[in-house]
Amino acid sequence: MNDLSPMGAACAAPLPEVSREAIAALFELPFLDLVAQAHAVHIRHHPRNAVQLSTLLSIKTGGCAEDCGYCSQSAFAKSGVKAEKLIDADTVVAAAREAKAGGSSRFCMGAAWREPKARDMPALLDMVRRVKALGMETCMTLGMLSGDQADALAEAGLDYYNHNIDTSPDYYDRVITTRSFQDRLDTLDHVRRAGMAVCCGGILGMGETREDRIAFLHALAALPEPPDSVPLNALVPIPGTVLGDMLADTPLARIDEIEFVRTVAAARITMPHSVVRLSAGRESMSEAGQALCFMAGANSIFTGDRLLTTSNKGGDADAALFAKLGLAPSS
């Protein structure tokens, strides 16, 4: 697993199957050895000192019919987030222009839905075409997709579709009951068959064990192809959500930064060609913790002041950190 050929993601050859035991062995390595190994893999497959900037916009907030225990936008949550309608394409394009001016090369649009309805598709396709025309990579996360919906989004020019598996198959039912793990795999299959790039990751710090984190990475690596983009989130425990209330004021409310970096490093070694993104929860991470994540192979972040309904490091803070670390935005 560790003898990886020096080729870029664009010409990546299929990797040998990675076992849970091999991933577990990575987690058991001394921390510095693990990070060093992950960094060596990273610079073999990705540009040095370059981090992609992405911007995420909520295009339809609140009122989701799913019961995801971490999500303030669930109709089951008592978080105070109100259901809103799909915003108009002009507002989306204006936000995309601003994001591009701020250095973002990928623009991600998220809607709080179980799945998009037929009546929503024309507006969504228009957003994709118009953001794509700005010269940005486009990404959407809209919940489950049918094969026809995936084909339509691909035809409109959508580059990436995000649909996270969230956690390990065994821990999944403790977080979500309204949509099965297999439902998520089915949507990923539709996305892949339509020719779009798969963006798929999950959330750490939901009360899961290290064994669950190992199984989560194994489930990603065991997909027909590892995801092109792997967002790794640290749970933001929001009051009024099931997990936010359950984990409040407990040691489990925040994942240990060293354990988070271990997971980033294991993801990098296990999926060497994937872009690994630091996503939600970064606003509470120290600069040193973020630096270790970049050392361990993270090469993408969400920038801006908000991620859907949670706060995020602002662009000024990111620019200051990049200057300290000698990092530059990748194109």
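Structure's up top.
Because the structure is a prediction, the values reported are computed rather than measured.

How each quantity is defined
Residues numbered from 1 in each chain as written. Predicted model: local features only at pLDDT ≥ 70, side-chain atom pairs only at ≥ 80, totals over all residues. Heavy atoms only, no water. Phe/Tyr/Trp six-rings, centres within 6.5 Å; stacked < 30°, edge-to-face > 60°. Buried < 20%, exposed > 50% of the residue type's maximum accessible area, 1.4 Å probe, protein only. Helix = DSSP H or I, 4+ residues; strand = E, 2+ residues; numbered from the N terminus. Lys NZ or Arg CZ within 6 Å of the ring centre and 35° of its normal. Core = buried A, V, L, I, M, F, W, Y, C linked by side-chain atoms within 4.5 Å. Contact = heavy atoms within 4.5 Å. Axes fitted to C-alpha atoms, helices over the stretch in contact; angles between N-to-C directions. Parallel < 35°, antiparallel > 145°, perpendicular 65-115°, else oblique. Left-handed = near helix turned anticlockwise from the far one by under 90°. Nonpolar A, V, L, I, M, F, W, Y, C, P; charged D, E, K, R; others polar.

Enquirer: Is there a simple way to explain the packing of aromatic side chains in this structure?
Expert: Two measures describe an aromatic ring pair: the distance that separates the ring centres and the angle between the ring planes. Applying the stated rule across the entire model yields two aromatic pairs. With 5.5 Å between their ring centres and 85 degrees between their planes, Tyr172 and Phe181 make a pair best called edge-to-face. An identical accessibility class is assigned to Tyr172 and Phe181; each is buried. Look at Phe294 and Phe322: their rings are 6.2 Å apart centre to centre, the planes differ by 90 degrees, and that puts the pair in the edge-to-face class. With Phe294 in helix H10 (residues 287-295) and Phe322 in helix H11 (residues 315-325), the pair connects residues that are 28 residues apart, well separated along the chain. Summarising the burial analysis for this pair, Phe294 and Phe322 share the class buried. In this arrangement the basic side chain of Arg277 is found over the ring face of Phe302, its NZ or CZ atom lying 4.7 Å from the centre.

Enquirer: Explanation requested: the nonpolar core in the structure shown.
Expert: Ile59, Met140, Leu153 and Phe260 are the most contacted members of the largest nonpolar core, which has 88 residues in total. In terms of residues, this core owes the most to one element, helix H9 (residues 257-270), which gives seven residues. Other than its neighbours up to four places away in sequence, Ile59 contacts Lys85, Leu86, Ile87, Val92, Met109, Gly110, Ala111, Leu124, Met127, Met140 and Leu142. In terms of nonpolar packing, the next biggest core, distinct from the first, is built from seven residues, Leu56, Cys139, Ala197 and Cys199 among them.

Enquirer: Any chance you could explain the packing of helix H1 (residues 20-28) against helix H7 (residues 210-221) here in plain terms?
Expert: Between two packed helices, the angle of one axis relative to the other and the distance separating the axes together describe the packing. Packing of H1 against H7 brings their axes to within 9 Å, and their N-to-C directions diverge by 130 degrees. Classified by the angle between their axes, H1 and H7 sit oblique to one another. Like other packed secondary-structure pairs, H1 and H7 cross with a definite hand, here right-handed. Each of Arg20, Ile23, Ala24, Phe27 and Glu28 in H1 lies in contact with H7, whose residues at this interface are Arg210, Ile214, Ala215, Leu217 and His218. Looking at the contact of H1 with H7 residue by residue, the classes come out as six nonpolar, one polar and three charged.

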